[in-house]
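Structural overview for review
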Amino acid sequence: MMNLFPTSHPLLKRFDKYATPILAVVGLGLLLLETRRPLRQRTRPRTERWVRNAVLAAPSMPAMRLTLLPAMVGLGNLMAPYRTPLSRLPEPARMLAEVLLLDYLGYSWHRLLHSPLLWRFHRVHHSDLDMDLTTGWRFHFGEMLASIPYRAGIAALMGVRGSTALGFEVVFEACTAFHHTNLELPFKVERRLAPFMVTPRAHGIHHSMVDRETQSNFGVVLTLWDRLHRTLRLNVPQQDLTIGVPAYADPAGQTVARLLALPLEPQDTWALPNGEVPEHPEYAKPMTELAE
Ligand SMILES: [Zn+2]
C-alpha cells in the first residue's frame, strides 16, 4: 500500500530546509513592521492575546506539517499514474491551472468554514478581539485536520502535483500572514494592490463583528474569486471596524481551555452577550473601492 502521509518525503525535507526559514523571516519582518505602523487601534493588551494565540497554534502547526502537507504529496503521488483534468494540459499551462485551482480551493474552503458545522472550528480563529500576525496562527487544530480531504484530496483528484501544492503552500502561508497583520500600508499603495490581492484592510473587514461584512472577502491570495462570486467588500473604513465574533466579545470568556473546546459548544447566535446585533450603515462608496 502506498504511503498517504509520507512525512519525510524529499519534497517535505526541502520544505523544512527552505520554506520554513523563509516563512519565519517573513513572519518576523511583518511582526516588526506592524508594531511600528499599526493600522487599527488595539482593544486588548498584546501579551494577553499573544500567549493565547501561540498556545492554540502549538498543536495546529505540527498537525499541518505531519498531516496536511504530507497528504498533498501522498495523494498527489497516488493520482500521478491516472488521467486527471489537469494532467492533459501542456506546461506551463498546467502549472498555472494548478496554482489557480489551489487558490480557488482556498477561497471555497474558507466559505465552507463559515457554514454551520465548520464554523464551530473556524470561530476559534474569528473570536480574536484584535487582529495581527498572531491571529494568522490562531486556528483550531481540528480545522487543519478537517481541511485535508478538501485542500489535499480534491486538489489531487483534479491533478495537482505534490510539488506544486507545497510550492503554492509557501505563497498561501505568506499571504495568510500578510493579510492578518495589523500593518498600515500607505493607502495609495494598498488601493493599488487591493483589486488583485487580499490586503490587511480587506481581511480586517472579514473579521468584523457585522455579519454582512464577515460574509465577504474570503480570498487568500487573489481577490479574483471574491469578485466572481460577488463577495468582495472593500468600502468599510477601518476605524468603523470592531474585530471579533459578537457572542465571544467578553475577553474574560476567552480562556485557552474554552477555545480548545469551542467546537463542542452549541452554535452561537450572531449577537453580543447583551443581545445587541452589531450593525453598520451601507457605505456610499462602491463595494469594490477600498476605504481608508
Ligand atoms: Zn473566516
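Residues numbered from 1 in each chain as written. Predicted model: local features only at pLDDT ≥ 70, side-chain atom pairs only at ≥ 80, totals over all residues. Heavy atoms only, no water.

- The name an unreviewed UniProt entry gives the protein is Sterol desaturase/sphingolipid hydroxylase, fatty acid hydroxylase superfamily, with Hymenobacter psychrophilus as the organism.
- In UniProt, the protein has this text filed under Subcellular location (unreviewed entry): "Membrane". (UniProt positions renumbered as here; feature names shortened; annotations may be inferred.)

1. Examining the overall build of the protein
- On a plain count of helices and strands, the protein comes out with 12 helices and 0 strands.
- Starting at the N terminus, the α and β elements of the protein follow one another as α-α-α-α-α-α-α-α-α-α-α-α.
- Oriented by its inertia axes, the alpha-carbon framework of the protein measures out at about 55 × 40 × 35 Å.
- The proportion of buried residues among the 292 residues of the protein is 52%.
- Entry remark: accessible area of the protein is about 13,800 Å², with carbon and sulfur atoms responsible for 66%.
- In the protein, the 31 positive side-chain charges and the 26 negative ones have mean positions that sit 7 Å from each other. (Helix = DSSP H or I, 4+ residues; strand = E, 2+ residues; numbered from the N terminus. Buried < 20%, exposed > 50% of the residue type's maximum accessible area, 1.4 Å probe, protein only. Areas by Shrake-Rupley, 256 points an atom, 1.4 Å probe, with all protein chains shown as cover. Lys, Arg positive; Asp, Glu negative; His and termini not counted. Charge placed at Lys NZ, Arg CZ, Asp CG, Glu CD.)

2. What to know about the coordination of the zinc ion
- Taken together, the protein ligands of the zinc ion are His 110 (NE2), His 114 (NE2), His 122 (NE2), His 126 (NE2) and His 206 (NE2), with distances of 2.1 to 2.3 Å.
- Mapped onto the sequence, the residues coordinating the zinc ion show the spacing H-x3-H-x7-H-x3-H-x79-H. Just as His 114 is buried, His 122 falls in that class too. (Donors = N, O, S within 2.8 Å, 3.2 Å for Na, K, Ca; no water.)

3. Observations concerning the packing of helix α3 (residues 93-113) against helix α7 (residues 162-180)
- The interhelical angle for the contact between α3 and α7, taken along N-to-C directions, is 55°, at an axis separation of 10 Å. In terms of their interaxial angle, α3 and α7 are classed as oblique. As for how α3 packs across α7, the hand of that crossing is right-handed. Between α3, through Met 95, Glu 98, Val 99, Leu 102, Asp 103 and Gly 106, and α7, the contact on the second element is made entirely by Thr 164, Ala 165, Phe 168 and Phe 172. (Axes fitted to C-alpha atoms, helices over the stretch in contact; angles between N-to-C directions. Parallel < 35°, antiparallel > 145°, perpendicular 65-115°, else oblique. Left-handed = near helix turned anticlockwise from the far one by under 90°. Contact = heavy atoms within 4.5 Å.)

4. Remarks on the UniProt feature "domain: Fatty acid hydroxylase" (unreviewed entry) in the protein
- Look at the UniProt record and you will see "domain: Fatty acid hydroxylase" (unreviewed entry) annotated at residues 98-231.
- Here residues 98-231 runs as 64% helix and 0% strand, with 23 Å between its end C-alpha atoms.

5. What to know about the UniProt feature "transmembrane region" (unreviewed entry) in the protein
- The feature "transmembrane region" (unreviewed entry), as given by UniProt, occupies residues 15-33 and 54-75 in the numbering adopted here.
- The span residues 15-33 carries 100% helix and 0% strand; its end-to-end C-alpha distance comes to 26 Å.
- When the span residues 54-75 is considered, its composition is 100% helix and 0% strand, and the gap between its end C-alpha atoms is 30 Å.

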